[in-house]
Amino acid sequence: YLYAPTLTQIGLLWTDHKICVAEEHRASRIVEALLDHNAAGTGKPGPRIGNVVVASPVGDRHSLAPQMVAAGLHAEGFRVSYLGADLPVGEIVQMAEREHADLVAISCCVADHSGLSDLLAQLTAAEFPTLVGGTGIGKSEALKLGATRYGASINEAQALARQLVRSRAD
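Residues numbered from 1 in each chain as written. Predicted model: local features only at pLDDT ≥ 70, side-chain atom pairs only at ≥ 80, totals over all residues. Heavy atoms only, no water.

## What about the pairing of strand β4 (residues 130–133)?
Piece 1. Here β4 shows no split at all, with T130 and V132 on one side and L131 and G133 on the other all buried.
Piece 2. Alignment of strand β3 (residues 103–107) against β4, held across four bridges, turns out to be parallel. Residue pairing across strands places I106 opposite V132, the latter belonging to β4.
Piece 3. On the question of chirality, the crossover connecting β3 to the parallel β4 by way of helix α5 (residues 114–125) is right-handed.
Piece 4. Pairing analysis gives two bridges linking β4 to strand β5 (residues 149–150), with the strands arranged parallel. Bridge pairing in β5 places L131 opposite R149.
Piece 5. For the segment spanning β4, helix α6 (residues 139–145) and β5, crossover handedness is right-handed. (Buried < 20%, exposed > 50% of the residue type's maximum accessible area, 1.4 Å probe, protein only. Helix = DSSP H or I, 4+ residues; strand = E, 2+ residues; numbered from the N terminus. Pairing = 2+ DSSP bridges. Right-handed = clockwise from strand over helix to strand, strands pointing away.)

Right, here's the structure in full:
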């Protein structure tokens, strides 16, 4: 996705103490505003592919990564309910039920996976397919925790989301 390499570089500058957290946050807010602006007028024409809920679980306060995933899925033709970050497990599950989600996409940008583990357990019990990705988790761990699929990039998330929704419809 267009903004990811720039944000990765900004994160590295922050990690190396070459910019302060305020500068990192300012860059993130600029990208959030661009994503909001672009989402208002984008998306493939025609019927929606399926309903996707996108969020980060409790304990993960990073909102930009799931917002980027939501924007990518919307542009691909999905109806997206973007919930944001650091959400209680029960609220994500309730929203998935209320929206009749075909898929729940979860962003993980932190090392503590307890919130993600609880969320995946409840979504699996409710029979929702899940797509997990993010800088805080790798494929093997995501699948071990119960994710249906793991997407390492937004492009991969788009392709996997299409596959999961189509296989659910069959």
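## Overview of the sheet that holds β5
Piece 1. Ordered by their spatial adjacency, five strands build an open sheet running β2-β1-β3-β4-β5, and the pairing between neighbours is parallel. Each of the sheet's edge strands pairs with one partner strand only, and the pair in question is β2 (79–87) and β5.
Piece 2. With four bridges joining them, strand β1 (residues 51–57) and β3 adopt parallel strand pairing. Within the sheet, the bridge partner assigned to V54 lies in β3 and is A105.
Piece 3. Each of β1, β2 and β3 touches helix α4 (residues 89–98); the most contacted strand, β1, lies at about 175° to it.
Piece 4. Packing of helix α7 (residues 154–169) onto the sheet brings it into contact with β3, β4 and β5, and relative to β4 it is tilted by some 165°. (Contact = heavy atoms within 4.5 Å. Axes fitted to C-alpha atoms, helices over the stretch in contact; angles between N-to-C directions.)

## Thoughts on the side chain of D60
Piece 1. Residue placement: D60 occurs in the loop between β1 and α3 (64–76).
Piece 2. A distance of 2.6 Å separates a polar side-chain atom of D60 from the backbone nitrogen of C109. (Polar contact = N/O pair within 3.5 Å; in protein donor to acceptor, adjacent residues only side chain to side chain.)

## With respect to the pattern of salt bridges
Piece 1. For the coordinates displayed, the defined rule picks out two salt bridges.
Piece 2. With a closest N to O distance of 2.7 Å, E76 and R162 form a salt bridge. Pair noted here: E76 is in helix α3 and R162 is in helix α7, with a separation of 86 residues, a long-range link.
Piece 3. On the basis of relative accessible area, E76 is assigned to the buried category, the value being 15%.
Piece 4. A relative accessible area of 18% means that R162 is categorised as buried.
Piece 5. Taking the shortest distance from any N to any O, the salt bridge between E99 and R79 comes out at 2.7 Å. Here R79 lies in strand β2 and E99 lies in the loop between α4 and β3, a separation of 20 residues in the sequence. (Salt bridge = Lys/Arg side-chain N within 4 Å of Asp/Glu carboxyl O.)

## What about the packing of α4 against α5?
Piece 1. Where α4 meets α5, the axes come as close as 9 Å, and the angle between the chain directions of the two elements is 35°. For the pair α4 and α5, the sense of crossing is right-handed. Contact with α4, carried on its side by V89, G90, I92 and V93, involves G115, D118, L119, Q122 and L123 of α5 and no other residues of that element.
Piece 2. Considering only residue class, the contact of α4 with α5 consists of five nonpolar, three polar and one charged. (Left-handed = near helix turned anticlockwise from the far one by under 90°. Nonpolar A, V, L, I, M, F, W, Y, C, P; charged D, E, K, R; others polar.)

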